[in-house]
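# A look at the structure
In case you want the letters, here they are:
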Amino acid sequence: MVDARGLSCPMPVIMTQKAMKSKEDYYEVLVDSKTPCENVTRFAQSQGYKVDVEEKGGEFLLKISR
Amino acid sequence: MAEKKNDKLLIIIAGLIIGVIAAGLAYLGNPKNMGFCIACFLRDTVGGLGLHRAPVVQYIRPEIVGIVIGAFAAAFVKKEFSSKGGSAPMTRFVLGFFAMVGCLMFLGCPFRMILRLAGGDLNALLGLVGFAAGILCGIFFLKSGYSLKRTYALTAGEGYWLPIVEVVIFVLLLAKPAFLFFSEEGPGSMHAAVGFALCAGLVVGVLAQRTRLCMVGGMRDLVLFKETRLLWGFIAILVAALVTNLVLGGFKLGFAEQPVAHMDGLWNALGMLLVGYACVLLGGCPLRQLVMSGEGNADSAVTVLGLMVGAAFCHNFGLASSGEGPTANGKIAVIIGIIVVTLIGVVNTYVKAEAAKEAA
């Protein structure tokens, strides 16, 4: 679980990148604006993961899996 | 995957449109290779308001107003507008200040660097080398854990201030009260008609907001994530402006006698090094800061104020270069800037890490 709320890019992507070094099958990333949501999604997809986005109350929970 | 391709196509199209508009503005009256320059235009605007008294660079640039309002409108419509801030505002002010010192050493922001390249100004190649080096310096800190910490939701009105200020500035331009300053010669006297300039700004503001276009983001993301999307925007602007310049006769290849430029390669490079360095630590180039201000980000608005105050100091203290070359004061300021930006990098990477360890 990566909490990147309030951080602007590229921080959320860097945090995700660092977390994903452990090469597990499932991660969750929490962000609170559209740009990091898009960027983290793009990054995860480029690493061969699938991303599901859940939006609630202005926050985006990204479920990254493979 | 289809979505990913769309993404890239979108920013390429946006970049092409922006490149044509930028080259077109120079044709319609803006200084050569200066269809857009966020640094120069903020500098002209603070000059127009009388915050510096360099007589050749005073004019309220409607392009800036357009970019902020365009970004605001696009964000508002797409429900992406939100008032937030609180991520090291003074640090961002200082980074903005020194980014401007670097820009005015080189004579252009990263956006104008592209336009100068597209106009055949080879001095901008040295700028590009410095810019890339500066971005790498910034990336070193990003990789080591640099962070200005998170933003928070602020009171609803907070994010409206910069857009409001821009509207007020625009009204001043139209009303032309006697206390404003308008250059009668030099770059400040050269400008496209107000309507064209405003519309051009609006279009660029909307496109930049939708695509998250950023001139430092391109190289940064390539190095950090092997992500090329933003870089394609950068390249598209270059190609479109180059072709437009060739068609309209605005292309002149060489180092000598380039418009609003000097030939001191070392200081062109060091100026842009400072810009790239500061902008990576800020999270975006001056254009992106304007756009994020329009999205309600108060930290970016503070950064824009830093850029503006920096511009005023640059001319009041004789730090800004001219066609004749850099000034001694400007060189000292750029060196100080590189040191200060490095200190900001160190403090927000290592000192913070220590504090977190103690807390844990």
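The text that follows walks through the structure, step by step, so that each part is easy to find.

### Describing the pairing of strand E2 (residues 26-31) of chain A
Residues and elements named next belong to chain A.
- Two strands pair when backbone bridges link them, and strand E1 (residues 2-3) and E2 are joined in this way by two bridges, in the parallel orientation. Bridge pairing in E2 links aspartate 3 to leucine 30.
- Each parallel crossover has a hand, and for E1 linked through helix H1 (residues 11-19) to E2 it is right-handed.
- Note: E2 against strand E4 (residues 59-65), six bridges, orientation antiparallel. Bridge pairing links valine 29 to leucine 62 in E4.

### Examining the packing of helix H9 (residues 215-225) of chain B against helix H10 (residues 229-248) of chain B
Residue and element names in this part refer to chain B.
- Look at H9 against H10: their axes get within 7 Å of each other, and the N-to-C directions meet at 130°. In terms of their interaxial angle, H9 and H10 are classed as oblique. Crossing of H9 against H10: the hand is left-handed. Packed against H9, whose contacting residues are Met215, Gly217, Gly218, Met219, Asp221 and Leu222, the element H10 presents Leu230, Leu231, Phe234 and Ile237 at the interface.

### Topic: the packing of helix H6 (residues 123-143) of chain B against helix H11 (residues 265-282) of chain B
Residue and element names in this part refer to chain B.
- Relative orientation of the contacting elements H6 and H11 amounts to 35°, with a least axis distance of 6 Å. For the element pair H6 and H11, the recorded crossing hand is right-handed.
- A breakdown of the residues in the contact of H6 with H11 according to their chemical character gives 15 nonpolar, eight polar and no charged.

### As for the pattern of salt bridges
- Overall, the coordinates contain 14 salt bridges over all chains when judged by the stated rule.
- Of the charged contacts, one joins Asp3(A) and Arg5(A) as a salt bridge, the two residues approaching to 2.9 Å between their closest N and O atoms.
- Judged by relative accessible area, which is 38%, Asp3(A) ranks as partly exposed.
- We classify Arg5(A) as partly exposed; its relative accessible area is 25%.
- We note a salt bridge from Glu80(B) to Arg210(B), for which the minimum N-O separation is 3.3 Å.

### A few points about the nonpolar core
- One finds Ile64(A), Phe36(B), Phe111(B) and Leu287(B) to be the most contacted residues of the largest nonpolar core, which totals 113 residues.
- Take this core: its biggest share by element is twelve residues, from H11(B).
- Setting aside anything within four residues of it in sequence, one finds Phe36(B) in contact with Ile21(B), Ala22(B), Leu25(B), Phe41(B), Glu63(B), Ile67(B), Phe111(B), Arg112(B), Leu115(B), Ala200(B), Gly201(B) and Val204(B).

### Focus on the environment of Gly159(B)
Residues and elements named next belong to chain B.
- Within the element layout of this structure, glycine 159 appears in the loop between strand E2 (152-153) and helix H7 (161-175).
- Taking C-alpha positions, glycine 159 is 8.2 Å from phenylalanine 81, a pair spaced 78 residues apart along the chain.
- Contact partners of glycine 159, with chain neighbours within four places excluded, come to Phe81, Ser83, Ser293 and Gly296.

### Regarding the interface of chain A and chain B
- Taken together, the contact pairs 18 residues of chain A with 20 residues of chain B.
- Summed over both partners, the interface of chain A with chain B comes to about 1700 Å²; 51% of that surface belongs to carbon and sulfur atoms.
- For the pair chain A and chain B, the number of links is three salt bridges.
- When the shortest N-O distance is used, the salt bridge between Arg150(B) and Asp32(A) registers 3.8 Å.
- In this structure, the connection of chain A to chain B is made through seven residue pairs in polar contact (both at pLDDT 80 or more).
- Among the secondary structure elements, those contributing two or more residues to the side of chain A that touches chain B are H1 and helix H2 (34-46) of chain A.
- Top contributing element to the side of chain A that touches chain B by residue count: H2(A), with six residues.

### Overview of unusual backbone geometry
- A cis amide bond links Cys9(A) to the next residue, Pro10(A), at an omega of 10°.
- Along the chain, Pro10(A) turns up in the loop between E1 and H1.
- Its identity is not glycine, yet Asn33(B) carries a phi of approximately 55°, on the positive side.
- Checked against the element boundaries, Asn33(B) lands in the loop between helix H1 (2-27) and helix H2 (38-48).
- Exposure remark for Asn33(B): the relative accessible area of 6% places this residue in the buried category.
- Within the chain, Ala88(B) stands out as a residue other than glycine whose phi angle is a positive 50°.
- Of note, Ala88(B) is situated in the loop between strand E1 (84-85) and helix H4 (89-106).

The rules behind each value
- Throughout, residues of each chain are indexed from 1 in the direction in which the sequence is written.
- Chains carry letters from A onward and ligands carry numbers from 1 onward, assigned in written order.
- Local features in this predicted model are restricted to residues whose pLDDT is 70 or higher, and side-chain atom pairs enter the listing and the counts only when it is 80 or higher, whereas totals over whole chains, interfaces and linings include all residues.
- The side-chain figures draw on all heavy atoms in the structure; neither hydrogens nor water molecules are used.
- Two strands are said to pair when DSSP picks up at least two bridges between them.
- In this description a helix means any DSSP run of H or I spanning at least four residues, a strand means any run of E spanning at least two, and both kinds are numbered starting from the N terminus.
- Seen with its strands pointing away from the viewer, a crossover is right-handed when the path leading from the first strand over the helix to the second is clockwise.
- Axes here mean lines fitted to C-alpha atoms, for a helix over just the part in contact, with angles spanning 0 to 180 degrees between N-to-C directions.
- Comment on the angle field: the value is read as roughly parallel under 35 degrees, roughly antiparallel over 145, roughly perpendicular from 65 to 115, and oblique elsewhere.
- Working rule for handedness: look at the near helix, and if it is turned counterclockwise from the far one by less than a right angle, call the crossing left-handed; if clockwise, right-handed.
- In what follows, a contact means two residues having at least one pair of non-hydrogen atoms within 4.5 Å.
- Only Asp, Glu, Lys and Arg are considered charged in this grouping, and only Ala, Val, Leu, Ile, Met, Phe, Trp, Tyr, Cys and Pro are considered nonpolar; every other residue, Gly among them, is considered polar.
- Salt-bridge detection follows one rule: a side-chain nitrogen of Lys or Arg within 4 Å of a carboxyl oxygen of Asp or Glu.
- Per-residue accessibility, obtained with a 1.4 Å probe over protein chains only, is compared with the maximum for each type, and a residue is labelled buried under 20%, exposed over 50%, and partly exposed between these values.
- The definition of a nonpolar core used throughout is a set of buried Ala, Val, Leu, Ile, Met, Phe, Trp, Tyr and Cys residues joined through side-chain atoms within 4.5 Å.
- When two parts are put together, the accessible area they lose, computed with a 1.4 Å probe and summed over both, is reported as buried area.
- Whenever a nitrogen or oxygen atom comes within 3.5 Å of another N or O atom, the pair is scored as a polar contact, on the condition that within protein one atom can donate a hydrogen and the other can accept it, and that pairs from neighbouring residues in sequence are kept only if both atoms are in side chains.

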